[in-house]
Amino acid sequence: MDSIFINIIEDGVFAAIAAIGFSSISNTPRRAYLMCGLIAAIGHSIRYVLMLPALGGMHIIAASTIASFVIGILAVLFAGRIKCPAEVCFFPALLPMIPGMYAYRTIEALISCLGHVQEQAFSHYLYLLAYNGLTCAFIILGMVIGATVPVFLLKKLSFTATR
Amino acid sequence: MTNTSICNIPDTVTVSETETCAGGDLCGIASFLADYAALLSGCGATCIRIEKNTRRMARALDVQFDIFILPAHLTVSVWRGDSCNAVTAMRKTAPCGISFNLNARLSRLSWEVADNHLDLDTAIRRFDKIRETEPTGWKEVLILTSLANASFCRLFGGDFVAMLIVFVSTMAGFRLKQIMLEHKHDVRLTFLCCSFVSAVLSAGGHIFNIGATPEIALGTSVLYLIPGVPYINSVSDLLYKHYLCSFGRFMDAVILTACLSVGLCAGMLIMGLDW
């Protein structure tokens, strides 16, 4: 039980570093670093917990959507404190959950597909192309819907954060 | 057919210039709102934010307003009373690169104009000041990105040796990206070269049998190049029915992902690894 708890904390800490680092590429204001890191840590740990086999092992698409919903709520509630729009908070927090590995494996599968003429090998890479592509697309779709629903629900709060 | 006059407005509008415009102060307002929206679009704001912020300022400046946003251009129309006499300004999306800092400062400006009823000249002065905002220092971004990608490697189950390999390969690849973009090289070529360099460096783990998870090091070494913000923006625009912008952003992101994948595959091929 202790090791699971340590793993959750570790997941949160590394997700926070990843969020701050990747968001710095997009010129995030320094005052937003801490908040982005915190929200990313909470969101990513929630996804980690939901996907734990011991707790039912939820599918990555559903887990990402739920975690993003929490990220969206936290971003809308706390964006006003750092005088930034809600997306400045939740975009960096979502970045560690972007399925980059699935994205480039889709392209790799496409290249492999074109390089094989035998039906069996071609079908295998076509399967990899479809599997990685669909998973990637639906994770991103789920994540953005999850994070945008709170912006819809709390529209007034969302668009007055920089007021 | 509407009698819309399209003003030939230069990039920076001064009061004396707007006075000579047939549309009176409407020309200055249209020009300011178009410049504002073009910069906001260029810095990676979603369409709904561009529309809301610009409309907020238009209301404060006492004009009626509409905006037409496309991935590479946008058009702003303002009028008083009869929309047949609308003044229209068209701008190219500003090539400033994604910047949450600019996004936050421009959003704040829109509230300042709305709440404090700033006049047009003051708003333009503040806008020009925001335009001069310096991006985050390259050393800070380089170190934070390298740390981020190494952390990412850990999230995927990599050991500490793999994290170190990813840190070094990210640092080399990202520095190359900064240099190539500084020299105005094509962004697609840049992504291809950077992922190639990162893949070749991180393949060292496999070749020299360093660490227990060299395949994770190789797989995560190029993830710093994944254009996450355009992917998220694309779906956000889709939800708000800005389908053309959504498709434009999505294609941008897919093309960059394809370039980085080709660079990764080429790196692995040269190093004699299967993917």
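Residues numbered from 1 in each chain as written. Chains lettered and ligands numbered in written order. Predicted model: local features only at pLDDT ≥ 70, side-chain atom pairs only at ≥ 80, totals over all residues. Heavy atoms only, no water.

K.L.:
It is not clear to me how the overall build of chain B should be interpreted in this structure. Could you clarify?
P.N.:
Along chain B, the regular secondary structure elements total 12 helices and four strands. Overall size of chain B, expressed as C-alpha extent along the three principal axes, is 75 × 35 × 30 Å. Looking at chain B residue by residue over its 275 residues, the buried ones come to 54%. For chain B, long-range pairs separated by at least 24 residues make up 63% of all intrachain contacts whose partners lie at least 6 apart in sequence. Total accessible area computed for chain B in this model is approximately 12400 Å², and 61% of it derives from carbon and sulfur atoms. (Helix = DSSP H or I, 4+ residues; strand = E, 2+ residues; numbered from the N terminus. Buried < 20%, exposed > 50% of the residue type's maximum accessible area, 1.4 Å probe, protein only. Contact = heavy atoms within 4.5 Å. Areas by Shrake-Rupley, 256 points an atom, 1.4 Å probe, with all protein chains shown as cover.)

K.L.:
How should I be thinking about helix α5 (residues 100-115) of chain A in this particular structure?
P.N.:
Every α-helix carries 3.6 residues per turn, so stepping three or four residues along brings you back to the same face. Between the first and last C-alpha of α5 of chain A there are 23 Å, a value that for 16 residues agrees with the 22 Å anticipated at 1.5 Å per step. By the burial criterion, the buried members of α5 of chain A are Gly100, Met101, Ala103, Tyr104, Thr106, Ile107, Glu108, Ala109, Ser112 and Cys113 of chain A. Looking at the buried residues of α5 of chain A, the elements they touch are α6 (119-153) of chain A together with α10 (214-220), α11 (228-239) and α12 (243-270) of chain B. (Expected span 1.5 Å × (residues − 1).)

K.L.:
Would you explain unusual backbone geometry in this entry?
P.N.:
The general pattern is negative phi for most residues beyond glycine and trans for most peptide bonds. All names here are of chain B. One non-glycine residue, His117, adopts positive backbone phi at about 45 degrees. Among the secondary structure elements, His117 is positioned in the loop between α4 (100-116) and α5 (120-131). Classification of His117 as exposed rests on a relative accessible area of 58%.

K.L.:
What am I meant to see in helix α6 (residues 138-155) of chain B here?
P.N.:
Here α6 of chain B contains 18 residues, and its C-alpha end-to-end distance of 25 Å stays within 8% of the 26 Å for a straight helix at 1.5 Å per residue. Taken as a whole, α6 of chain B has its buried residues at Val141, Leu142, Thr145, Ser146, Ala148, Asn149, Ala150, Ser151, Phe152 and Cys153 of chain B. Contacts from the buried residues of α6 of chain B go to α1 (2-25) of chain A together with α7 (160-182) and α10 of chain B. Backbone geometry just after α6 of chain B places Gly157 of chain B at a positive phi near 100 degrees.

K.L.:
Help me understand the confidence of the model for chain B, please; the structure alone is not making it clear to me.
P.N.:
The predicted coordinates ought not to be read in detail in places where the model reports low pLDDT. When pLDDT is averaged along chain B, the result is 87, and 91% of the positions lie at 70 or above. Here residues 1-19 of chain B is modelled with pLDDT under 50, and outside its nearest four sequence neighbours on either side it reaches 31 contacts, counting other chains as well. (pLDDT = per-residue confidence, 0-100.)

K.L.:
How should I be thinking about the nonpolar core in this particular structure?
P.N.:
Nonpolar side chains in soluble globular proteins tend to be buried together. In terms of nonpolar packing, the biggest core is built from 67 residues, with Ile39, Phe90 and Leu94 of chain A touching the most fellow members. Summarising the domain contributions, this core has at least three residues from each of domain 1 (5-131) and domain 2 (138-270) of chain B. Each residue touching Phe90 of chain A, except ones within four places of it in the same chain, is listed here: Ile71, Ala75, Ala147 and Val151 of chain A. Ranked by size, the runner-up nonpolar core spans 39 residues in total, among them Ala37, Met57, Val76 and Leu102 of chain B. (Core = buried A, V, L, I, M, F, W, Y, C linked by side-chain atoms within 4.5 Å. Domains from an automatic or database assignment.)

K.L.:
I would appreciate a short explanation of the domain arrangement of chain B in the present structure.
P.N.:
How large an interface is tends to be reported as the accessible area lost when its parts come together. All names here are of chain B. Splitting chain B by domain gives domain 1 (5-131) and domain 2 (138-270). Domain 1 and domain 2 are separated by 35 Å when their C-alpha centres are compared. Each partner contributes to the interface: domain 1 provides 11 residues, whereas domain 2 provides 11 residues. Carbon and sulfur atoms supply 71% of the area that domain 1 and domain 2 bury against each other, a total of about 890 Å² over both sides. Here domain 1 and domain 2 share zero salt bridges between them. Our enumeration of links across domain 1 and domain 2 arrives at four residue pairs in polar contact (both at pLDDT 80 or more). Of all the elements, helix α3 (residues 47-60) adds the most residues to the side of domain 1 that touches domain 2, at three residues. Among the residues making up the side of domain 1 that touches domain 2, the classes are represented as eight nonpolar, two polar and one charged. (Buried area = accessible area lost by both parts, 1.4 Å probe. Salt bridge = Lys/Arg side-chain N within 4 Å of Asp/Glu carboxyl O. Polar contact = N/O pair within 3.5 Å; in protein donor to acceptor, adjacent residues only side chain to side chain. Nonpolar A, V, L, I, M, F, W, Y, C, P; charged D, E, K, R; others polar.)

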